[in-house]
Amino acid sequence: MAFRLVMDMEGATLVHGEVSHGDFPELRFTHAWIEQQVELLPGIRMTLVIDRSNGRNVQIPKELYYLFGRIVDEPGKLARYTRDQARRMAFETGHYGPWDLDNDF
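This text gives an overview of the structure that appears in the document. Because the structure is predicted, anything quoted here is derived from the model rather than measured.

### Considerations on a nonpolar patch on the surface
A cluster of nonpolar residues, Leu40, Leu41 and Ile44, forms a patch on the protein surface that exposes about 280 Å² of accessible area. Topologically, leucine 40 is positioned in strand E2 (residues 24-41).

Put into structure tokens, the structure is as follows:
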């Protein structure tokens, strides 16, 4: 879903990351979402996360999404792709990712 969505959004970023859910931080899994810069007021911008997985339409500030998902922004745990990079990776690998995560679970 995230891959298809980023193909339709100018300037959006596809993100693959390692997340956990709820009260079980030891249960980690890979997930994909979109990040996009939005202008709240002239000169005031923020990064919004768009997650349409599992029939939802989550749109919240990046900082909250990362807090709730216990997401760590470091190589091997998170990777970002422009639309063109995502298209190229999908073509080269034959799948929608994740492509650059170091998953040991």
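Next comes the rest of the account.
### Section: the pattern of salt bridges
Going through the model one piece at a time under the given rule, you end up with 6 salt bridges. In this structure, the salt-bridge partner of arginine 28 is glutamate 18, at a minimum N-O distance of 3.1 Å. Within this pair, whereas arginine 28 is found in strand E2, its partner glutamate 18 is found in strand E1 (residues 13-21), the two being separated by 10 residues in sequence. Between glutamate 18 and lysine 77 there is a salt bridge, and its shortest N-O distance comes to 3.5 Å. On the criterion of sequence distance, the pair formed by glutamate 18 in strand E1 and lysine 77 in the loop between helix H2 (62-69) and strand E5 (78-81) is long-range, its members being 59 residues apart. Overall, lysine 77 belongs to the partly exposed group, its relative accessible area being 24%. When salt bridges that share partners are traced, they join Glu18, Arg28 and Lys77 into one network.

Rules behind the numbers
Residues numbered from 1 in each chain as written. Predicted model: local features only at pLDDT ≥ 70, side-chain atom pairs only at ≥ 80, totals over all residues. Heavy atoms only, no water. Patch = residues over 30% accessible without salt bridge, like charges linked within 9 Å, V, L, I, M, F, W, Y side chains within 5 Å. Areas by Shrake-Rupley, 256 points an atom, 1.4 Å probe, with all protein chains shown as cover. Salt bridge = Lys/Arg side-chain N within 4 Å of Asp/Glu carboxyl O. Helix = DSSP H or I, 4+ residues; strand = E, 2+ residues; numbered from the N terminus. Buried < 20%, exposed > 50% of the residue type's maximum accessible area, 1.4 Å probe, protein only.

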